[in-house]
Amino acid sequence: MDKVAVLIPCYNEEKTIKKVVEDFLSVLPENSRVYVYDNNSTDASAEIAENAGAVVRREYMQGKGNVVRRMFREIDAQCYIMVDADDTYSVDCAVEMIDMVLHKSVDMVVGDRLSSTYFTENKRLFHNFGNSIVRASINLLFKSNIKDIMTGYRAFSYQFVKSFAVISEGFEIETEMTIHAIDKNMLIDNVVVEYRNRPDGSESKLNTYVDGFKVIKTILKLFKNYRPLLFFGLLAILLALLSFGFFIPVFIEYLKTGLVPNFPTLIVCGFTALAAIQAFFSGLILETMKQKNRYDFEMQLLRIQENYKKLL
């Protein structure tokens, strides 16, 4: 088992990968390694990383989520640091992040770019706006205080890595791991990190609109899965209001004339009200299942902790 494992997903980053690997090797404690997972790069990224001192492995399924799944499965370490290969993050905070995991039992340390230089360094306005929207929506929906949801610079405990079932395939992986940590009541902390723009000649693989839509879709899906009673409760309220709104004119007409001329509307109101009731009870059932899953998860953590002690 490594003391610290630095995990670097890499796709066509030959201009920056050497510096990223060397920077982290210069600050890591003994018995630590830098792992670069090449994701079908068409340039010399893998060779450069290996020459710089990294352990290079490959993931042939395209997408950052697929790379993270492979890394988390294969590597055992007391502390994990995940960082992008584009040299946009400073290594200066790495020691502090490692210390928080190893000595303060923090399960996920978030490298907070948004509280430092991100908005001045990043020139993509819609990208900046999207980061703010994602942060605000997750903190509102899940009652959290995460400073940067989409950051690619994080530190994790062994417990987090081995209990996190990766579902996402692409850049929405950061959103998924954030919500997992919040929902499972894991200890989360934020460290303000310096962010710098990519060097000249290095291009981002993130599409602001396509990947942004995927992130929003992931938030809604995880909101449904992690907070089913609230999700289906809100849906039930919406359906009930629609049913009530269409029923009022029909009922007023009935009081005046004793007739129901808009009988189809009354039928639709009835079905909409039934749908509201069904949505509410679906939320109740799923909430009960979620509580059972939470119990099973806590038991899983005990098994992970036992395995961790064996590996030490």
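As a reminder, the structure under discussion sits directly above these lines.
Here the structure is a predicted model, which is why all the values come from computation and not from measurement.

> Looking at this structure, how should I read the pairing of strand β5 (residues 108-112)?
For a regular strand, side chains alternate in direction, first toward one face of the sheet and then toward the other. Most of β5 sits inside the fold, with five of its five residues counted as buried. What you see with β5 is no split at all: M108, V110 and D112 on one side and V109 and G111 on the other are buried throughout. Strand direction decides the pairing type here: β5 and strand β6 (residues 154-157), joined by three bridges, are antiparallel. In the sheet register, V109 faces β6, and the bridge partner there is A155. Relative to strand β7 (residues 188-192), β5 runs parallel, the two being bridged by five bridges.

> Is there a simple way to think about the pattern of salt bridges in this case?
Pairing between side chains of opposite charge can happen when their charged atoms approach one another. In this structure the tally under the stated criterion is 16 salt bridges. For the salt bridge of R57 with E74, the shortest nitrogen-to-oxygen distance reads 3.4 Å. Of this pair, R57 sits in strand β3 (residues 55-58) while E74 sits in helix α3 (residues 64-74), and the two are 17 residues apart along the sequence. R57 gets classed as partly exposed once you look at its relative accessible area, which sits at 29%.

> Mind showing me how you'd approach the packing of aromatic side chains here?
Two aromatic rings are characterised by how far apart their centres lie and by the angle between their planes. Summed over the entire model, instances satisfying the criterion amount to 14 aromatic pairs. Both rings, one in F156 and one in F160, keep their centres 4.9 Å apart while their planes meet at 10°; by these two values the pair is stacked. For F160, a relative accessible area of 0% gives the class buried. Both rings, one in F231 and one in F232, keep their centres 5.1 Å apart while their planes meet at 80°; by these two values the pair is edge-to-face. The class of F231 is partly exposed, set by a relative accessible area of 25%. Each residue in the set F72, Y80, F156, F160 and F164 is aromatic and connected to the rest through ring pairs, giving one cluster. Over the ring of F297 we find K184; its NZ or CZ atom is 5.3 Å from the centre of that ring.

Reading guide: rules and limits
Residues numbered from 1 in each chain as written. Predicted model: local features only at pLDDT ≥ 70, side-chain atom pairs only at ≥ 80, totals over all residues. Heavy atoms only, no water. Buried < 20%, exposed > 50% of the residue type's maximum accessible area, 1.4 Å probe, protein only. Helix = DSSP H or I, 4+ residues; strand = E, 2+ residues; numbered from the N terminus. Pairing = 2+ DSSP bridges. Salt bridge = Lys/Arg side-chain N within 4 Å of Asp/Glu carboxyl O. Phe/Tyr/Trp six-rings, centres within 6.5 Å; stacked < 30°, edge-to-face > 60°. Lys NZ or Arg CZ within 6 Å of the ring centre and 35° of its normal.

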